[in-house]
Amino acid sequence: MKILSAKQIRQWDEYTIANEPVSSTDLMERAAGKCAAWLMQKFDRQTPYKIFCGKGNNGGDGLAIARMLIDNGILTIIYIVGKDGIGSADFEINLNRLRKKTKEIHDIDATASLPAISKDDVVIDALFGSGLNKKPSGIFSKVINHLNRAGASIVSIDFPSGLYADKSSKGNEIIEADHTLTFQ
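Residues numbered from 1 in each chain as written. Predicted model: local features only at pLDDT ≥ 70, side-chain atom pairs only at ≥ 80, totals over all residues. Heavy atoms only, no water.

**Q** Quick question: what am I supposed to make of the overall build of the protein chain here?
**A** The helix and strand inventory of the protein chain stands at five helices and six strands. Counting from the amino terminus, the protein chain carries its helices and strands in the arrangement α-α-β-α-β-α-β-β-α-β-β. Taking 184 residues into account, the globule formula puts the C-alpha radius of gyration at 16 Å, and the protein chain, at 15 Å, falls close to it. The C-alpha extent of the protein chain, read off along each of the three principal axes, is 45 × 40 × 35 Å. When the 184 residues of the protein chain are sorted by exposure, 48% land in the buried category. In the protein chain, of all internal contacts separated by at least 6 residues, the share reaching a separation of at least 24 is 78%. (Helix = DSSP H or I, 4+ residues; strand = E, 2+ residues; numbered from the N terminus. Rg over C-alpha atoms; globule rule 2.2 N^0.38 Å. Buried < 20%, exposed > 50% of the residue type's maximum accessible area, 1.4 Å probe, protein only. Contact = heavy atoms within 4.5 Å.)

Encoded structure:
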């Protein structure tokens, strides 16, 4: 199996978008559909999900997955982590779509209490993807540690958050994922 660098992943996404042709939002939708299908096969349909999203495209993946789980009648609560402000274009598109489906969207910033997580929950890590370029700190470090201590099953999208694609991640807070769903 060939493992691509973060730059190569971006280049292949750009190539696919330009040559298939497919929009970046539709490409995200395709990936999220595969993730949601895998989750529904792997876990009982009564299992509650807690999805933690950053404001980049990895977070957009998480929002799209959340919408698909909700469309299938699965209890899903979404947490958006980080400072106020606008996310990536695909994140914002998926956030607007999700707001039409649920009110269970919560913001987590440095002043917020972290949500309780049950061992029976499935946690979806959509904080950072392959483009992580600096060590998680502040609220992100706090959330990563909280999720790792919760004892729930954790599924990371693209990469476990805190893990660099192209260099050592030694010293980083990193999600201890039970499963990682990624696409090439």
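Moving on, there is more to tell.
**Q** When you look at the packing of helix H2 (residues 24-42) against helix H4 (residues 89-99) in this model, what are you seeing that I'm missing?
**A** When two helices pack together, their arrangement is given by the angle between the helix axes and the distance between those axes. Where H2 contacts H4, the axes come no closer than 10 Å and their chain directions differ by 60°. Crossing handedness for the pair H2 and H4: right-handed. Contacts between H2 and H4 involve Ser24, Thr25, Met28 and Glu29 on the former and, on the latter, Asp90, Ile93, Asn94 and Arg97. Among the residues making up the contact of H2 with H4, the classes are represented as two nonpolar, three polar and three charged. (Axes fitted to C-alpha atoms, helices over the stretch in contact; angles between N-to-C directions. Left-handed = near helix turned anticlockwise from the far one by under 90°. Nonpolar A, V, L, I, M, F, W, Y, C, P; charged D, E, K, R; others polar.)

**Q** Teacher, can you tell me more about the packing of aromatic side chains here?
**A** Each aromatic ring pair is specified by the distance between its two centres and by the angle formed by the two planes. Going through the model one piece at a time under the given rule, you end up with four aromatic pairs. Ring plane angle 20° and centroid distance 4.8 Å describe the contact between Phe52 and Tyr79, whose orientation is recorded as stacked. Of the two residues, Phe52 is situated in strand S1 (residues 49-53) and Tyr79 in strand S2 (residues 76-81); the sequence distance between them amounts to 27 residues. Look at Phe128 and Phe140: their rings are 4.9 Å apart centre to centre, the planes differ by 45°, and that puts the pair in the tilted class. Here Phe128, found in the loop between strand S4 (122-126) and helix H5 (138-149), pairs with Phe140, found in helix H5; they are twelve residues apart in sequence, far enough to count as distant. Grouping aromatic residues by their ring pairs yields a cluster made of Trp38, Phe43 and Tyr49. (Phe/Tyr/Trp six-rings, centres within 6.5 Å; stacked < 30°, edge-to-face > 60°.)

**Q** I would appreciate a short explanation of the sheet that holds strand S6 (residues 179-181) in the present structure.
**A** Each strand in a sheet pairs with its neighbour through backbone hydrogen bonds, running either in the same direction (parallel) or in the opposite one (antiparallel). The strand order across the open sheet built from six strands is S3-S2-S1-S4-S5-S6, with neighbouring strands paired in parallel fashion. Each edge of the open sheet carries a strand with a single partner, namely strand S3 (105-108) and S6. With direction set aside, neighbouring strand axes in the sheet form an average angle of 20°. In this structure, S1 lies alongside S4, joined through five bridges in parallel fashion. Across the sheet, residue Cys53 finds its bridge partner in S4, namely Ala126. (Pairing = 2+ DSSP bridges.)

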